[in-house]
Amino acid sequence: MICPTCGYQNSPREKFCQQCGLILPKASRSKLPVVILVSFLLFTAIGTGLAYHFGVINNDTKYVKYDKIELKDVTGTWKLVDATNKEYFSKDIKVVFTPSELKIVTKDDTKTVKLTTRIISNSTKLIAFMKEDEGTNKGIEFRMEKRKINGIERTVLAMPVDNEWGYFVRERK
């Protein structure tokens, strides 16, 4: 640090000039590390926001064609995001598979069917698990679909109930 009064060259750590005793001004520190840190945080925040907006970061299951769906593709907690009539559907559902049965759990009800009867409909692209003892009209049906939710294409679990459709996105596995 050069003394502004006498011009003596002091070491950068000195608080007083070694020649004349003047209090030396504090050395200015480089702002480069702060600029780098702020730039990194800003870039990370914007990149994460864009990735989420364009569907790169979300909990969506990978889209699977109706004839290739595995039980693991639909296991988890799902949140209702759209429906033809929202009164027919619970806000949240949990899909649970055990070795012998499929359960759809809502806050009000649990629907269970045995996994022995699996029907794949080529026309509706629905997977159905039917209760053997109650005929073909009782069971659980679903399919995976690509659907725009709030302007973003998402993979949804579509479920029909009494000719009404509910569309769910995965919250967590």
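The structure under discussion appears in the preceding block.
## Quick look at the packing of aromatic side chains
Considering all chains together, one arrives at two aromatic pairs under this definition. Considering the side-chain rings of Phe89 and Phe168, the 6.2 Å spacing of their centres and the 75° angle between planes classify their relative orientation as edge-to-face. Of this pair, Phe89 sits in the loop between strand E1 (76-83) and strand E2 (92-97) while Phe168 sits in strand E9 (residues 164-172), and the two are 79 residues apart along the sequence. Looking at Phe89, the relative accessible area reads 11%, which means it is buried. You can call Phe168 buried: its relative accessible area is 1%. Judged by centre distance (6.4 Å) and plane angle (15°), the ring pair of Trp165 and Tyr167 falls under stacked. Classification of Tyr167 as buried rests on a relative accessible area of 8%. One residue, Arg147, lies across the ring of Tyr167, its end atom 3.7 Å from the ring centre.

## Some thoughts on the nonpolar core
Formed by 19 residues in total, the largest nonpolar core has its most connected members in Ile93, Val95, Leu102, Phe142, Leu157, Met159 and Phe168. Excluding anything up to four places from it in sequence, Leu157 contacts Val74, Trp78, Ile93, Val95, Phe142, Arg143, Met144, Gly166, Tyr167 and Phe168. Leu126, Trp165, Tyr167 and Val169 belong to the second largest nonpolar core, which has seven residues in total.

## Observations regarding the pattern of salt bridges
What the rule picks out here adds up to two salt bridges. As a salt-bridge pair, Asp82 and Arg147 come within 3.1 Å of each other at their nearest N and O atoms. Here the residue Asp82 occupies a position in strand E1, and Arg147 occupies one in strand E7 (residues 139-149), the gap between them amounting to 65 residues. Exposure remark for Asp82: the relative accessible area of 25% places this residue in the partly exposed category. Taking the shortest distance from any N to any O, the salt bridge between Arg143 and Glu145 comes out at 2.7 Å. Here Arg143 matches Glu145 in class, with each residue buried.

Rules used throughout
Residues numbered from 1 in each chain as written. Predicted model: local features only at pLDDT ≥ 70, side-chain atom pairs only at ≥ 80, totals over all residues. Heavy atoms only, no water. Phe/Tyr/Trp six-rings, centres within 6.5 Å; stacked < 30°, edge-to-face > 60°. Helix = DSSP H or I, 4+ residues; strand = E, 2+ residues; numbered from the N terminus. Buried < 20%, exposed > 50% of the residue type's maximum accessible area, 1.4 Å probe, protein only. Lys NZ or Arg CZ within 6 Å of the ring centre and 35° of its normal. Core = buried A, V, L, I, M, F, W, Y, C linked by side-chain atoms within 4.5 Å. Contact = heavy atoms within 4.5 Å. Salt bridge = Lys/Arg side-chain N within 4 Å of Asp/Glu carboxyl O.

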